Amino acid sequence: MNFVDQDKVDKAQVVRLRIFEKTNVRMCIGEVLIEMGAITAAQRDEILGIIEEIEIQPQSAVSAPPAKSKKTKSRKEKTNASNTFDITVSKDKLKAIAFFDGNVPTTAVDINDVKTMLHAEGILYGIADDDQIKGFLEGKFCVGKDWTIATGTEPIPDTPPQIVYHFDTDPLKIGTLTEDGLMDWKDRGLLPQVTEGDLLAEKIPGPKGKEGMDVYGKKIPIPKSREIRFKCAKGARRSEDGMQVHAIVSGIPKLSVLGEISVMSTLQIPGDISLETGHVTFDGHIEVAGAVEKGYRVKGESLRANEIRDAQIDVDGDITAMNGIFGATIRCKGNLRAGHIHNANIILDGDLAVEKEIIDSTIEANGRCLINDGIILSSVISSKMGITVMDIGSRAANPSELTVGIDQQMERNIEATRQEIQAIKSESDILPKTIKELKKQSDQINTRLGKVAQEQDRCMVQHRQLQEKVEAGLLKKEGPEAEKLQKTIDELKKRQDAYDTDVANLMAEDESVSQEIAELEKKVIENKETLENLKNRLEELTEQKKVDEGIASIKVGGNIFSGNVINGPHSKLFIEEDLKRLSIFETDKPDHDGVKRWRFELGPYR
């Protein structure tokens, strides 16, 4: 009917085939031709009407189709089997990728063909304009490469709320440097005070996010952002809507390393912690005008003392001892600040700031170690966030071993969790065998119980029958036969009592075994839950370790002497000669030979 030439029909067949390959949908060629703009819907209906007439007419009445005025090229010749056009959609449905494998510019596929394929796959949003599609088919860009033909819109998450604290969260200013890079030791800082009902912190909501749209034209909801919740400890309380935190007692507000807000009451000790005070345990801040003397224990939320001497300190917050620490054992979950540290054993979660020196001590800090004007001698120190010091070692002192960039507490927690997982697994492997043995034992007990019960029943029947005969007067009550009968009845009674005892013992034994089986089966379920929790904890710790990386760096403002050892997460360095004013840092960048490996490098002091 000359509505369309053979070339467009061939193209329509190619597009129809590609749609089927991609969607498994057999699209009528008439619909494809309409999508391509080759024919109109009215022309399609006219063609279908003629087909119906041909199908109902006798074969002899069907006239031959009109002859073509020019020869039509075959589909294979026109489309070239090597020319393929493909469209794929990314997993997140935010991109539709087109790929054309063939000679460009192409005659096998045109803009209408591409739009038909996009339409067939339901791609409606973010489609490139006609000029861009035409340029792609003509080979003006991305020849033989993937090209993004449609792009969705990513959703925008809600902006996290701004957290505003209405108190000084770092009143002691540990680690604060002056403009010339030195520590200001004169200003000890003032502890903030609040009264009951004061606003401690609040959340100010950020702008709301926006929905996205995928290439199929479907809305992508705003992703759920991680809710930031205030953590409140003693002395602080969240409002009902969770947007504010208020003090419920008067005292010193505190923000812990873990982000908990609390208000501590204060214990004032005008002199020393000594014989007059005894050991001190106080659920708040402890302010000591003098020293913590040798042999005394202090436990509280935070501590400030003039001096700490060979005492045991366990504090959940910050510690300050400006005149120094001598021979103490300290666990501190906050920051620690001291004039000097001698012969001490210290584990802390925060920063360590020392004015003069650290000597003969073992210290593990999860923050920074700052001794800007001081020296480290004969000590073992681990500092996750790096060390800044004036001098390390001397020609007369024993060497020190310094570890940087490693969270020792995290490593211990990870190792402890792994060992706990292994212990639970080992126990879980044994439990089924133990339960199986106990069930076997229970079956044996029940088998014995069944046999004893049968003997017991027979004995009871015999005893009852003889007793009934005696009571009915059917047997003589005197003479040898009567004595023999009574003896038999007595023996049956003894046997029956023995059987009763055996049954009671077997039932008690079976009850004990059954109870043990029930406890072990409960233990199996508990172990499964515990193991799952431990695995989740190990995964969280491992992920936290990856995210919260340390700083494997040491800055030496003065001298570092030979013999000192430096450890990092991936490498180790032995100082072989005296060095002066430098930075030591771990790196895996290619060295001067182009080899990429973990090592410590030396650089200028900064």
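The rules behind the values
- In this convention, every chain numbers its residues from 1, walking through the sequence in written order.
- This being a predicted model, a pLDDT of at least 70 is required before a residue's local features are given, and a value of 80 or more before pairs of side-chain atoms are given or counted; all residues contribute to the totals for chains, interfaces and linings.
- To get the side-chain values, take all heavy atoms of the structure and skip hydrogens and water.
- Each helix corresponds to a stretch of at least 4 residues labelled H or I by DSSP, and each strand to a stretch of at least 2 residues labelled E; elements are numbered beginning at the N terminus.
- Exposure categories follow from relative accessible area, calculated using a 1.4 Å probe and restricted to protein chains: below 20% of the type maximum is buried, above 50% is exposed, and the middle band is partly exposed.
- The contact definition used throughout considers only heavy atoms, calling two residues in contact when any of these lie within 4.5 Å.
- Computed with a 1.4 Å probe, the accessible areas rest on the Shrake-Rupley method; for each residue, only the protein chains presented here act as cover.
- Note on scores: pLDDT gives the predictor's confidence for each residue, bounded by 0 and 100.
- The nonpolar core is taken to be a set of buried Ala, Val, Leu, Ile, Met, Phe, Trp, Tyr and Cys residues, with the residues joined through side-chain atoms within 4.5 Å.
- By this definition, two strands are paired if DSSP reports at least two bridges between them.
- Here, axes are lines fitted to C-alpha atoms. For helices the fit covers the stretch in contact, and angles between N-to-C directions go from 0 to 180 degrees.
- An angle counts as roughly parallel when it lies under 35 degrees, as roughly antiparallel when it exceeds 145, as roughly perpendicular when it falls between 65 and 115, and as oblique in every other case.
- Each residue receives one of three labels: charged for Asp, Glu, Lys and Arg, nonpolar for Ala, Val, Leu, Ile, Met, Phe, Trp, Tyr, Cys and Pro, and polar for the others, Gly being one of them.
- Of all possible arcs, the one meant is that of the directions from the helix axis to the C-beta atoms.
- Nitrogen and oxygen atoms within 3.5 Å of one another constitute a polar contact, given that in protein one can donate a hydrogen and the other can accept it, and given that sequence-neighbouring residues count only through two side-chain atoms.
- Ring pairs are drawn from Phe, Tyr and Trp, using the six-membered ring of Trp, whenever the two centres fall within 6.5 Å, and their geometry is named by plane angle: stacked under 30 degrees, edge-to-face over 60, tilted for the rest.

K.L.:
Please set out the overall build of the chain residue by residue, giving values where relevant.
P.N.:
If you tally the helices and strands in the chain, you get eight helices and 35 strands. Relative to its full complement of 606 residues, the chain shows a buried share of 37%. Long-range contacts, defined here as pairs at least 24 residues apart, represent 46% of the contacts in the chain between residues at least 6 apart. Roughly 35,900 Å² of accessible area belongs to the chain as shown, and the carbon and sulfur atoms make up 50% of that amount.

K.L.:
Could you give an account of the confidence of the model for the chain, with specific residues and numbers?
P.N.:
For the chain, mean pLDDT is 84; residues scoring 70 or higher make up 88% of the total. Here helix H4 (residues 75–79) is the element of the chain with the lowest mean pLDDT, 31, and strand E22 (residues 341–342) is the one with the highest, 97. In the predicted structure, residues 58–81 sits below a pLDDT of 50 and forms 17 contacts with residues beyond four places in sequence or in another chain. Contacts for the low-pLDDT stretch residues 183–189, under 50 throughout, to residues beyond four places or in other chains number 24 contacts.

K.L.:
I'd like a rundown of the nonpolar core, residues and numbers included.
P.N.:
Counting 51 residues, the largest nonpolar core has Leu303, Ile308, Ile313, Ile325, Ile330, Leu336 and Ile341 as its most contacted members. Among all residues touching Leu303, those that are not within four sequence positions of it are His285, Ile286, Val288, Val298, Ile308, Ile313, Val315, Asp318, Ile319 and Thr320. Counting residues in hydrophobic clusters, the runner-up holds 28 residues, among them Val109, Phe136, Leu137 and Trp147.

K.L.:
If you had to explain the sheet that holds strand E5 (residues 199–204) to someone new, which residues and values would you point to?
P.N.:
Strands sit in the order E4-E5-E10-E9 across an open sheet of four strands; the sheet is antiparallel. The open sheet has two free edges, formed respectively by strand E4 (162–165) and strand E9 (236–238), since each of these has just one partner strand. Averaged over all adjacent pairs, the angle separating strand axes in this sheet is 15°, with direction ignored. With four bridges joining them, E4 and E5 adopt antiparallel strand pairing. Residue pairing in the sheet places Tyr165 in a bridge with Ala201 of E5.

K.L.:
Go over the pairing of strand E17 (residues 312–315), please, and point to the residues and values.
P.N.:
On E17, burial follows the alternation: Ile313 and Val315 on one face are buried, whereas Gln312 and Asp314 on the facing-out side are not. Strand direction decides the pairing type here: strand E15 (residues 297–305) and E17, joined by four bridges, are parallel. Note on E17: the bridge partner recorded for Gly300 is Val315. Note that E17 and strand E20 (residues 329–332) share four bridges and pair parallel. Each residue of the ladder has a partner; that of Gln312, found in E20, is Thr329.

K.L.:
Can you lay out unusual backbone geometry for me, pointing to particular residues and giving the numbers?
P.N.:
Even without a glycine there, the phi angle at Asp310 is positive, about 45°. Within the element layout of this structure, Asp310 appears in the loop between strand E16 (307–309) and E17. When its relative accessible area of 36% is taken as the criterion, Asp310 is described as partly exposed. In the Ramachandran plot, Arg581 falls in the positive-phi region, its phi being about 45° despite a non-glycine side chain. Mapped onto the elements, Arg581 comes out in strand E34 (residues 579–587).

K.L.:
So what's going on with the packing of helix H5 (residues 111–120) against helix H6 (residues 130–137)? Residues and values would help.
P.N.:
Viewed as axis vectors pointing N to C, H5 and H6 meet at an angle of 110°, and their least axial separation amounts to 10 Å. In terms of their interaxial angle, H5 and H6 are classed as roughly perpendicular. Of the residues in H6, those touching H5 at Ile111, Val114 and Lys115 are Asp130, Ile133, Lys134 and Leu137. Here the residues of the contact of H5 with H6 are counted per class, giving four nonpolar, no polar and three charged.

K.L.:
So what's going on with helix H2 (residues 29–36)? Residues and values would help.
P.N.:
Turning to H2, its buried residues number three or more, namely Gly30, Val32, Leu33 and Met36. The buried residues of H2 all sit within an arc of 160° when viewed along its axis, so they share a single face. Gly37, located one to two residues past H2, shows a positive phi value of around 80°.

K.L.:
Can you tell me about the pairing of strand E1 (residues 84–89), naming the residues and giving the values?
P.N.:
It is a general feature of regular strands that their side chains alternate between the two faces of the sheet. Bridge analysis of E1 against strand E2 (residues 95–101) gives six bridges, and the strand direction is antiparallel. The partner of Ile87 across the bridge, within E2, is Ala98. The turn linking E1 back onto E2 is made up of five residues, and Lys93 within it adopts a positive phi angle of 60°.

K.L.:
Any chance you could break down H5 for me, citing the residues and the numbers?
P.N.:
Of the residues making up H5, those classed as buried are Asp113, Val114, Thr116, Met117 and Leu118. Capping of H5 at its N-terminal end is provided by Asp110; its side-chain oxygen lies 3.2 Å from the backbone amide nitrogen of Asn112. Looking one or two places after H5, you find Gly122, whose phi comes out positive at around 80°.

K.L.:
I'd love a proper account of the packing of aromatic side chains, names of residues and values included.
P.N.:
Inspection of every chain in the model, using the stated rule, returns five aromatic pairs. With a centroid separation of 6.0 Å and an interplanar angle of 75°, the aromatic rings of Tyr165 and Phe167 are classed as edge-to-face. Residue Tyr165 is classed as partly exposed on the basis of its relative accessible area, which comes to 32%. Put simply, the rings of Phe85, Phe136, Phe141 and Trp147 touch in pairs and so form one group of aromatic residues.

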